[in-house]
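These are the residues of each chain, in order.
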Amino acid sequence: MKDIADFFRQLIDSSDWPPRWHCGKWTEFHGWLYIISDLLIWSSYFAIPVVIIKYISRKQDARFIRLYFLFAAFILACGATHFLDAVAFWVPLYRLSAFVRLITGLISWITVFYIVKYLPMAVSLRPVKELEQEIEHRQKAEEKFTSLNAELDSIVIKRTAEISDYKYALDQSSIVAITDQKGTIRHVNDNFCRISRYSREELIGQDHRIINSGFHSKAFIRDLWVTIANGKIWKGEIKNRAKDGSTYWVDTTIVPFLTAEGKPHQYIAIRADITERKKAEEKQELLASIINSSDEAIFSISLNGLITSWNRGASNLFGYSPAEALGKNISMIIAPNLLWEEDQIIKKIVKGEYVEQYITEKVRKDGSMVHVSLNVAPIRDDDGKIIGAARIARNITAQLNAEKKVRQSEKIYKTIASSIPGSVICIFDPEYRYLLIEGDILGKLGYKKEELLGQKAESALSPESYSFGKPLFERVFRGEAFSVERRVLECDTLTRYVPLKDENNVVCNAMIVVIDITELKKAQNGIEELNVNLENKVVERTEQLAIANKELEAFTYSVSHDLRAPLRIIDGFAEILLNDQADRLDEEGKRILGIITNNARKMGQLIDDLLNLSHLGRQEIITTRVDMNKLLKLAVDEQLLFYKGTEPQIIADHLLPASCDHNLMLQVWANFISNALKYSSKGTKPVIHISSRHSGNNVVYSVSDNGVGFDMKYADKLFGVFQRLHKAAEFEGTGVGLALVQRIIVKHGGKVWAESEKGKGSQFYFSLPFNKQLSLT
Amino acid sequence: MEQREIEILLIEDNPDEAELTIRSLKKHNLANSLMHLDDGADALDFLFPQKPSAQSNFHFNPKLILLDLKLPKVTGLEILRRLKEDDRTKMIPVVVLTSSREEQDILESYKLGVNAYIVKPVNFESFTRAVSDLGLFWLLRNQPPPLIA
């Protein structure tokens, strides 16, 4: 490696060798011959590539360029070694020389490689001489060819002139198009463009589908193609579509042009415009089909009465088929007694007159009669001579029946309209013309039927009435149904506007129904007046009640205060007399004073009870959830406090809760317990049983005792004020307690009742509405 | 200054009622310096004299006023209102002694600032006991407000 590195470092170092002049023995001649030869070789080797590259750079179509360059490089490199050999006589650059030789060698081998590859091709290029000979040969042939060509040209020109004459004639007369074997349009003439309304540019390259109208069946088109593809000429009438969508008819001839093998290579289509003819034909067909498909009977007869045409409608109407009718005499559909009509008609026709809407009867094939409306017109030949009569007969049996029905229903309408008491019914057309007007209050409203019927509202009504009615007419004809109240003269009316719609739901007429509501109005006003009076009365009574209530309050207040004071004074002074003057009174006097004080106290109690009762009427009840067990205990304890009889046995079941006023319910329990204790049989131990149970939406509480009981005969008197079933001497009491209880219970929405048998105790019950929420809490 | 001697002022229109009350008080020697007025208007005149001279010397200060509610001309409630409105009289204990157990009367009396409300029992025994109880309480047990000069 070091050697190689040193070699390149000292590439242009010549110090290791002496110049060639000093190496061995060189004569001047030998040396210079060597040097000059080398320089000659080098200069020529330098010149060759320059010439080659210059030549190549000018030549446009040079091939094997890389080979030229390689060859140039190879010669240049060879030249360089010779140059270095010459220089070595003075400067011995042997290292550089060796390196250049290496490069020369490499280039030489690459060149060899390329020559092997490309030489065969380069060698195949024909030699120039051969080429020159061929050129000469060709020139001769060409000359001959040119002369032949000129000859041919003159023939062609002659023929072309002929063809162009034909072509001109063809182009002028026909619509011409040429297509290739695939059907692609290659040529069209001006006529083609004109009739199809496409430009030539739009057509060339397209196929004939561009003008296909879609009118012809696929089979028709297939037949066309099969014909021409087999080399045969096709003829037919084709309907095409122009660019603007209009259609045209062409009488078409397609001629296939065949190759030598007999295959078509192009087609020429020659067409003639037959649109007008076709249109005329279509029109005629249309007319014929209209006539034939018409439901009306259309037929014609000759002047001697023979049937010359007979459409489907005629077959349907008279029952004869065309085969049965054509050529027969018209009298077969005429009733014998009406033959005179036919004569009259023919007489008119012969004069060139028309018969219109002649209503008569004809005989059907089956012998039945049919009502027809007949129109008859004369038929003329080309010269204008009358040769027959065309007839149109329409079956009007259904129409006659319908008209009859309409007349009937109209009569019914009129009858209905005129028989509804206290009303007028009108029907208007969209011009507000009275088509129908009936009704018994027309006169009352100031109108006469004769003045209105058939007239327009605008002219028949007064300007005021019309200006009132016009917006209403407009509304009803917009399809709105509505009612209007109005006072006309001495008559209150309710007018109902109803749009009448045809089968397409379009308002065709309007019905207006006027109803006399004068009496109704009167009654209504009466009711309103009564209502006002009633309201006033209610207010008045309420005021009176309020005053009475006030008075009652004042009364109870007085009772509370004023009745009690004298009692106290009676009691007080009787007591004072009894205490202070005791020594001056005998036993009888004392007993009488005792009666006075006793009664004064009783009256005090009575007053208190009554006050309590009246108080209750004014009191609002405040309902809360009340635990009846606790409440009962409270009442029992209170009552036992004042009880002085035999120790009672009180059995209280668990009681259902109630929604009630706590204080009032306490009074209820207190009353029942006190009664049960009070009316216990003398001497026996009172047993009181309290329980409760559900009963429907209520809870029933009961208090049973083993006391004296009462006679059920008087059960209804139990709860009356001051009603007592026992003597005062037997049991104390004012007769207010149970009345109070009843008031409280009723105020709660409940009921109170009792059962008993004399001597066997009594059961008192009261019910309270059960609030479901109570059971949840 | 003779008014200074008055310990109880009884305002009651019914003379019989008044007698019963006075008798009951007397039993316990509570009616020694009692003044009885039997008309609402008279009572107002006495309590609030119209003469300017008298007004300036007003030093009426009983230990107790017993007031009936139902009085001719001016009602007991009106008198109560006037008494409790006036700075000079509003500290005098007032006890309503009446037959009325009407809730409205009781409520109104307390609203106006009554010191006690007694419903007269019909029974004489109870009545005597009630009157003497209240006399003993207000005259002997109760500490009256100090005199304002």
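Use the structure listed above.
All figures in this text were calculated on a predicted structure; none of them were measured in a lab.

**Q** Explain the overall build of chain A to me, and be specific about the residues and the numbers.
**A** On a plain count of helices and strands, chain A comes out with 22 helices and 22 strands. Split into buried and exposed, the 777 residues of chain A put 21% on the buried side. The long-range share in chain A, meaning contacts at least 24 apart out of those at least 6 apart in sequence, stands at 52%.

**Q** Kindly report on the overall build of chain B, identifying the contributing residues and their values.
**A** Secondary structure assignment for chain B yields six helices and five strands. Walking chain B from its N terminus toward its C terminus, one meets helices and strands in the order β-α-β-α-α-β-α-β-α-β-α. A buried classification covers 34% of the 149 residues belonging to chain B. Contacts in chain B between residues at least 24 apart in sequence constitute 67% of all its contacts with a sequence separation of at least 6.

**Q** Which residues make up the sheet that holds strand β13 (residues 482–488) of chain A, and what are the values?
**A** Residue and element names in this part refer to chain A. A sheet is described by the order of its strands in space; here five strands give the open sequence β12-β11-β15-β14-β13, paired in antiparallel fashion. The open sheet is flanked by β12 (434–439) and β13, the only strands paired with a single partner. Neighbouring strand axes in the sheet, compared pairwise and without regard to direction, differ in orientation by 20° on average. Strand direction decides the pairing type here: strand β11 (residues 423–428) and β12, joined by five bridges, are antiparallel. The partner of I427 across the bridge, within β12, is L436. Set on the sheet, helix α13 (residues 397–419) makes contact with β11 and β12; between it and β12 the angle comes to about 45°. Of the strands in this sheet, β11, β13, β14 (491–501) and β15 (507–516) touch helix α16 (residues 463–477), which is tilted by about 35° from β14.

**Q** Give me the nonpolar core: which residues, what numbers.
**A** Soluble globular proteins tend to bury their nonpolar side chains together. By size, the foremost hydrophobic cluster in this structure holds 40 residues, and its most contacted members are B:I11, B:I65, B:L66, B:L67, B:V94 and B:V95. The element that contributes the greatest number of residues to this core is helix α6 (residues 124–141) of chain B, accounting for six residues. The next biggest cluster of nonpolar side chains, apart from the first, holds 37 residues, and it includes A:M628, A:V668, A:A670 and A:V699.

**Q** Got a sec to walk through the environment of A:V91? Specific residues and values, please.
**A** Residue position: A:V91 is located in the loop between α3 (65–87) and α4 (94–124). Taking the C-alpha atoms as reference points, A:V91 and A:P18, 73 residues apart in sequence, are found 8.1 Å from one another.

**Q** Residue-level account of the packing of helix α4 (residues 76–85) of chain B against helix α5 (residues 103–112) of chain B, with values.
**A** All names here are of chain B. For the pair α4 and α5, the least separation of the axes is 9 Å and the interaxial angle reads 15°. If you check the angle between α4 and α5, you find them roughly parallel. Note that α4 runs across α5; the crossing there is left-handed. In this structure, α4 uses L77, L80, R81 and K84 to contact α5, whose residues at the interface are E108, S109 and L112. Of the residues assigned to the contact of α4 with α5, the class counts are three nonpolar, one polar and three charged.

**Q** Describe in detail helix α2 (residues 28–58) of chain A, supporting the description with residues and values.
**A** Residues and elements named next belong to chain A. Taking 1.5 Å per residue, 31 residues should reach 45 Å; α2 reaches 45 Å between its end C-alpha atoms and fits that length. Taken residue by residue, α2 has D38, W42 and Y45 as its buried positions. Looking at the packing, one finds that the buried side of α2 touches α3.

**Q** Account for the sheet that holds strand β9 (residues 369–380) of chain A, naming residues and giving values.
**A** Residue and element names in this part refer to chain A. Strand order in this open sheet of five strands is β7-β6-β10-β9-β8, and the pairing throughout is antiparallel. Strands with a single pairing partner mark the edges of an open sheet, and in this sheet they are β7 (307–310) and β8 (355–363). Each strand axis lies, on average, 30° off the axis of its neighbour in the sheet, ignoring direction. Sheet topology note: the strand β6 (residues 297–302)/β7 ladder contains three bridges and is antiparallel. Pairing of F299 across the sheet is with W310, part of β7.

**Q** Give me the packing of helix α19 (residues 628–642) of chain A against helix α20 (residues 662–678) of chain A: which residues, what numbers.
**A** All names here are of chain A. Relative to each other, α19 and α20 sit at 50°, their axes nearing to 9 Å. The pairing of α19 with α20 is recorded here as oblique in orientation. At the point where α19 passes α20, the crossing takes the right-handed sense. Listed contacts from α20 to L631, L632, L634, A635, V636, E638 and Q639 of α19 are M665, L666, W669, A670, I673, S674 and L677.

Parameters at a glance
Residues numbered from 1 in each chain as written. Chains lettered and ligands numbered in written order. Predicted model: local features only at pLDDT ≥ 70, side-chain atom pairs only at ≥ 80, totals over all residues. Helix = DSSP H or I, 4+ residues; strand = E, 2+ residues; numbered from the N terminus. Buried ≥ 20, exposed ≤ 12 C-beta atoms within 10 Å, placed from the backbone. Contact = placed C-beta atoms within 7 Å. Pairing = 2+ DSSP bridges. Axes fitted to C-alpha atoms, helices over the stretch in contact; angles between N-to-C directions. Core = buried A, V, L, I, M, F, W, Y, C linked by C-beta atoms within 7 Å. Parallel < 35°, antiparallel > 145°, perpendicular 65-115°, else oblique. Left-handed = near helix turned anticlockwise from the far one by under 90°. Nonpolar A, V, L, I, M, F, W, Y, C, P; charged D, E, K, R; others polar. Expected span 1.5 Å × (residues − 1).

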